[in-house]
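# Examination of the molecular architecture
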Amino acid sequence: METAQSRQQAVPGAVTAFARFVLCGGGVGVASSLAVAVLASRIPWVLANALITVVSTVLATELHARFTFGASGRATWRQHVQSAGSAAAAYAVTCVAMLALHQLVAAPGALLEQVVYLSASALAGVARFAVLHLVVFARNRSRAGATARPVHANLAHAPAPADPEVLCRAA
């Protein structure tokens with residue numbers, strides 16, 4: 001039987017979770033870009049991108065549930081929906097960044113486009129990590145922590161002085 005303490009230890013800290021997030025998300029991202037290229041040779045690019053985005057988001061959410069955030073099991077439908085929402089928001093950030101670039105620079109070079117896109121992706125990725133860590137997979141940590149024995153502090157409080165002169169001096 002698993003104890004509350006061992007469940008707590010299975011949940012990684014924020015730095016470890018972020019490193020795992022980058023590893024899992026980056027791995028899925030690289031595989032997705034290759035899959036889109038292969039699939040786009042057979043069907044329209046927009047459809048290939050949409051299909052791969054759905055599949056990669058589901059895959060990444062499962063990896064994040066099991067590995068990144070130590071949820072000790074499969075992601076729930078709620079977590080998949082929330083993760084998809086954060087992925088859609090990240091997608092919107094990169095689209096807005098690229099649109100802004102093309103509004104500001106008439107003919108940006110490939111290097112500038114990559115810098116802007118990757119910067120927007122990194123910013124969106126950090127925000128997405130925060131959402132996944134603090135919202136989507138936070139419930140798992142709170143359940144593991146709720147079964148742990150609470151720590152109670154006994155604080156002795158001195159009675160407040162009733163004399164107005166003492167109160168004025170204390171302020």
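Please read all numbers here as calculations on a predicted model, not as lab measurements. Numbering of residues begins from 1 in every chain and follows the order in which that chain's sequence is written. Since the coordinates come from a predicted model, pLDDT governs what is reported: local features require at least 70, and pairs of side-chain atoms require 80 or more to be given and counted, while whole-chain, interface and lining totals use all residues. Side-chain numbers come from the whole structure's heavy atoms, not from hydrogens or water.

## Observations concerning the overall build of the chain
The test is simple: Put simply, DSSP H or I for four residues or longer makes a helix, DSSP E for two residues or longer makes a strand, and each gets a number counted from the N terminus. A simple rule labels every residue: compare its accessible area, found with a 1.4 Å probe on the protein chains alone, to the largest value its type can have, and call it buried under 20%, exposed over 50%, or partly exposed in between. Contact criterion: two residues are considered in contact whenever any of their non-hydrogen atoms come within 4.5 Å of each other. For accessible areas, the Shrake-Rupley method is used with a probe of radius 1.4 Å. Any residue's cover is judged against the shown protein chains and nothing else.
Across its full length, the chain holds seven helices and zero strands. Overall, the chain shows an N-to-C arrangement of helices and strands of α-α-α-α-α-α-α. Scored against the burial criterion, the 171 residues of the chain give a buried share of 27%. Intrachain contacts of the chain at a sequence separation of at least 6 include 63% that bridge at least 24 residues. About 11700 Å² of surface is accessible on the chain, with carbon and sulfur atoms providing 69% of the total.

## Describing the pattern of salt bridges
The line we're drawing: The salt bridge definition used is simple: a Lys or Arg side-chain nitrogen within 4 Å of an Asp or Glu carboxyl oxygen.
Enumeration according to the criterion identifies two salt bridges in this entry. Close ionic contact of Arg66 with Glu62 constitutes a salt bridge, the shortest N to O distance being 3.3 Å. Residue Arg66 and its partner Glu62 are both found in helix α3 (residues 45-68); the two are separated by four residues, about one turn of the helix. The salt bridge involving Glu62 is made with Arg74; its shortest N-O contact spans 3.7 Å. Here Arg74 lies in the loop between α3 and α4 (77-104) and Glu62 lies in helix α3, a separation of 12 residues in the sequence.

## A few points about the environment of Ala100
Tracing the chain through its elements places Ala100 in helix α4. Judged by relative accessible area, Ala100 falls into the partly exposed class, the value being 35%. C-alpha of Ala100 to C-alpha of Val116: the two residues are 16 residues apart in sequence and 9.7 Å apart in space.

## Details of a nonpolar patch on the surface
What counts here: Without a salt bridge and with relative accessible area above 30%, a residue can belong to a patch; like charges are then joined within 9 Å and nonpolar side chains (Val, Leu, Ile, Met, Phe, Trp, Tyr) within 5 Å.
A cluster of nonpolar side chains, Phe18, Val22 and Val126, forms an exposed patch at the surface whose accessible area comes to about 240 Å². Residue class for Val126 comes out partly exposed when judged on its relative accessible area of 46%.

## Focus: the nonpolar core
In summary, soluble globular proteins display a tendency toward joint burial of nonpolar side chains. The condition is simple: Throughout this description, the term nonpolar core refers to a set of buried Ala, Val, Leu, Ile, Met, Phe, Trp, Tyr and Cys residues connected via side-chain atoms within 4.5 Å.
By size, the foremost hydrophobic cluster in this structure holds nine residues: Ala17, Phe21, Ala65, Phe69, Ala75, Phe129, Leu132, Val136 and Phe137. Those elements giving two or more residues to this core turn out to be α2 (14-40) and α5 (110-136). The biggest single contributor to this core is α5, with three residues.

## Concerning the packing of α3 against α4
This is how it is decided: Fitted lines through C-alpha atoms give the axes, limited to the stretch in contact for helices. The angle between two N-to-C directions lies from 0 to 180 degrees. Just so you know how the angles are binned, under 35 degrees is roughly parallel, over 145 roughly antiparallel, 65 to 115 roughly perpendicular, and the rest oblique. Each crossing is labelled by how the near helix is turned from the far one, with a counterclockwise turn of less than a right angle marking it left-handed and a clockwise turn marking it right-handed. Following the grouping adopted for this structure description, the nonpolar residues are Ala, Val, Leu, Ile, Met, Phe, Trp, Tyr, Cys and Pro, the charged ones are Asp, Glu, Lys and Arg, and the polar ones are all others, Gly among them.
It is at 10 Å that the axes of α3 and α4 come closest, and there the two elements cross at 120 degrees. Considered as vectors, α3 and α4 are oriented oblique to each other. Two packed elements cross with a definite hand, and for α3 against α4 that hand is right-handed. For the pair formed by α3 and α4, the contact residues are Thr57, Val58, Thr61 and Glu62 on the first element and Gln79, His80, Ser83, Ala84 and Ala87 on the second. Its residues assigned to classes, the contact of α3 with α4 comprises three nonpolar, five polar and one charged.

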